[in-house]
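Residue strings, one per chain:
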Amino acid sequence: MLLRLIRRAAFGALVVVIVVYAVFPFYWAIVSSLRTGQALFNTTLVPGSVDLGNYVAVFREQPFARNILNSLIVAGTTVLLSLALAAPASYALGRIAFRGRTALLFGFLGISMFPQVAVLSGMFEIVQGLGLYNRLLGLALCYLLITLPLTVWVLTAFMRDLPREIEEAALVDGASPLLLMWRVLLPLMAPALAATGLLVFIAAWNEFLFALTFTITSETRTVPVAIALISGATGYELPWGNVMAASVTVTLPLVLLVLIFQRRIVAGLTAGAIKA
C-alpha cells in the first residue's frame with residue numbers, strides 16, 4: 001500500500017514538472033507581452049499592471065494582420081492539398097496489394113527525414129522556374145514536401161484498420177472506386193483526417209526556412225518570418241515586448257485548435273499508427 005502511494009506521488013510530481021516545463025514559457029511570454037520599458041526585466045511571475053501597448057504596436061508598425069492572413073491561406077491550402085493527395089494514396093497503399101508497396105511507403109517516410117536545407121536549392125530552382133517565387137501558392141506547394149509524407153503514412157495506417165467487409169459490401173452494391181472512396185471510406189476516416197489535418201496546419205503555420213527563402217516582400221510574408229524581422233527603431237535594439245506580443249497572438253489560435261480537436265487527434269493517431 002505504501003509503495004503504491006509512493007509511486008502515485010512520484011508519478012504526480014513528474015506530471016507537474018512536465019506541465020510546468022511545457023507551459024511556463026508560454027505563460028512567461030504572455031506576462032512579458034503585457035509589460036513595457038524597464039518592466040520587461042522584472043522577474044515577478046504576476047504583472048503588477050496590464051499594458052496592451054505591445055499588441056497595438058505590433059499591428060501598427062507592420063502589416064501583421066496581413067501576415068496572419070497569409071499564414072492562414074498558406075496553411076489552409078497546404079492542408080487541403082495534403083489531404084486531397086494523401087487520401088487516394090492511402091487507399092492504394094492500404095488496400096491494394098502490389099509489388100513494392102512496403103518500399104514505397106517507407107520511401108515516403110524516408111523523404112521526411114531529409115533536412116530542409118538539403119533540398120532548399122533544388123526547391124528554389126523549381127519555384128523560380130514555375131514563376132511562383134514570392135507567391136503564397138508556391139509556398140504551399142513547398143510545404144507539401146514536409147507534410148505529405150506524414151499525411152500519407154498516418155492515413156495509410158488508418159486505412160488498413162478499416163473493416164474490409166464495408167468495402168466489399170459497397171462494391172457488391174455497385175459502387176465505383178471513386179464513389180467508394182468519397183461516400184464510404186472518407187466519412188469513416190474523419191478522425192484521422194482531423195488529426196493529420198491539424199498536424200499539417202501546425203507544421204505549415206510554424207514553418208520558417210521555406211517562408212524566409214521563398215518570400216521577399218512584407219505583403220507575402222507569413223507570421224514566423226514577420227516575427228523574426230521585428231526590430232527596434234534603430235535596427236539594433238530588439239523590442240522584446242513586441243516580439244512576445246506577436247508570438248502570443250500567433251500561438252493562441254493553435255492552442256485553441258488543439259483544445260477543440262484533442263479527442264479527434266488522439267483517436268486519429270492511435271487508431272492505426274501502431275500497425276503502420
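## Topic: the environment of Ala87
Okay, step 1: For Ala87, the location among the structural elements is in helix α3 (residues 64–95).
Okay, step 2: For the pair Ala87 and Phe124, spaced 37 residues apart in the sequence, the C-alpha separation amounts to 28 Å.
Okay, step 3: Not counting residues within four places of it along the chain, the set of residues in contact with Ala87 comprises Leu155, Met159, Met181 and Leu186.

## Let's talk about the nonpolar core
It is characteristic of soluble globular proteins that their nonpolar side chains tend to be buried jointly.
Okay, step 1: Ranked by internal contacts, the top residues of the largest apolar core, which has 57 residues, are Phe64, Met181 and Met189.
Okay, step 2: The element contributing the most residues to this core is helix α6 (residues 136–161), with eleven residues.

## Quick word on the packing of α3 against α6
Okay, step 1: Relative to each other, α3 and α6 sit at 35 degrees, their axes nearing to 6 Å. In this structure, α3 crosses over α6, and the sense of that crossing is right-handed.
Okay, step 2: In terms of residue class, the contact of α3 with α6 is made up of 20 nonpolar, nine polar and two charged.

## Quick notes on the environment of Phe106
Okay, step 1: The topology assignment puts Phe106 in helix α4 (residues 101–111).
Okay, step 2: With 15 residues separating them in the primary sequence, Phe106 and Ser121 have C-alpha atoms 25 Å apart.

## Brief notes about a nonpolar patch on the surface
Okay, step 1: Side chains of Phe11, Val15, Val16, Val19, Val20, Val23, Phe24, Tyr27, Leu45 and Val46 sit close together on the surface and give an oily, nonpolar patch of about 900 Å² of accessible area.
Okay, step 2: If you trace the backbone, Phe24 turns up in helix α1 (residues 2–33).

## Quick look at unusual backbone geometry
Okay, step 1: Here Asn134, not a glycine, exhibits a phi torsion of approximately 65 degrees, which is positive.
Okay, step 2: Along the chain, the position of Asn134 falls in the loop between α5 (116–129) and α6.

## Here we look at the packing of α6 against helix α9 (residues 190–206)
Okay, step 1: Running from N to C, α6 and α9 cross one another at 160 degrees; their axes reach a closest spacing of 10 Å. Judged by the inter-axis angle, α6 sits roughly antiparallel to α9. When you trace α6 past α9, the crossing you get is right-handed. Where α6 approaches α9, its residues Tyr143, Thr147, Leu150, Thr151, Val154, Leu155 and Phe158 are matched on the opposing element by Pro191, Ala192, Leu193, Thr196, Leu199, Val200, Ala203 and Ala204.
Okay, step 2: Residues that form the contact of α6 with α9 fall into these classes: twelve nonpolar, three polar and no charged.

## What about the side chain of Thr78?
Okay, step 1: When you line up the elements, Thr78 lands in helix α3.
Okay, step 2: Taking the relative accessible area as the measure of exposure, Thr78 reaches 0% and is therefore buried.
Okay, step 3: Beyond its immediate chain neighbours, meaning those up to four positions away, Thr78 contacts Ala140, Tyr143, Leu144, Thr147, Val200 and Ala204.

## Digging into the confidence of the model for the chain
Okay, step 1: Residues with a pLDDT of 70 or more make up 92% of the chain, whose mean pLDDT is 83.
Okay, step 2: Looking across the chain, the model is least confident in helix α7 (residues 164–172), with a mean pLDDT of 77, and most confident in helix α10 (residues 209–214), with 92.
Okay, step 3: Segment residues 272–276: pLDDT under 50, and ten contacts once partners within four positions in sequence are set aside and those in other chains are kept.

What counts and how
- Residues numbered from 1 in each chain as written.
- Predicted model: local features only at pLDDT ≥ 70, side-chain atom pairs only at ≥ 80, totals over all residues.
- Heavy atoms only, no water.
- Helix = DSSP H or I, 4+ residues; strand = E, 2+ residues; numbered from the N terminus.
- Contact = heavy atoms within 4.5 Å.
- Core = buried A, V, L, I, M, F, W, Y, C linked by side-chain atoms within 4.5 Å.
- Buried < 20%, exposed > 50% of the residue type's maximum accessible area, 1.4 Å probe, protein only.
- Axes fitted to C-alpha atoms, helices over the stretch in contact; angles between N-to-C directions.
- Left-handed = near helix turned anticlockwise from the far one by under 90°.
- Nonpolar A, V, L, I, M, F, W, Y, C, P; charged D, E, K, R; others polar.
- Patch = residues over 30% accessible without salt bridge, like charges linked within 9 Å, V, L, I, M, F, W, Y side chains within 5 Å.
- Areas by Shrake-Rupley, 256 points an atom, 1.4 Å probe, with all protein chains shown as cover.
- Salt bridge = Lys/Arg side-chain N within 4 Å of Asp/Glu carboxyl O.
- Parallel < 35°, antiparallel > 145°, perpendicular 65-115°, else oblique.
- pLDDT = per-residue confidence, 0-100.

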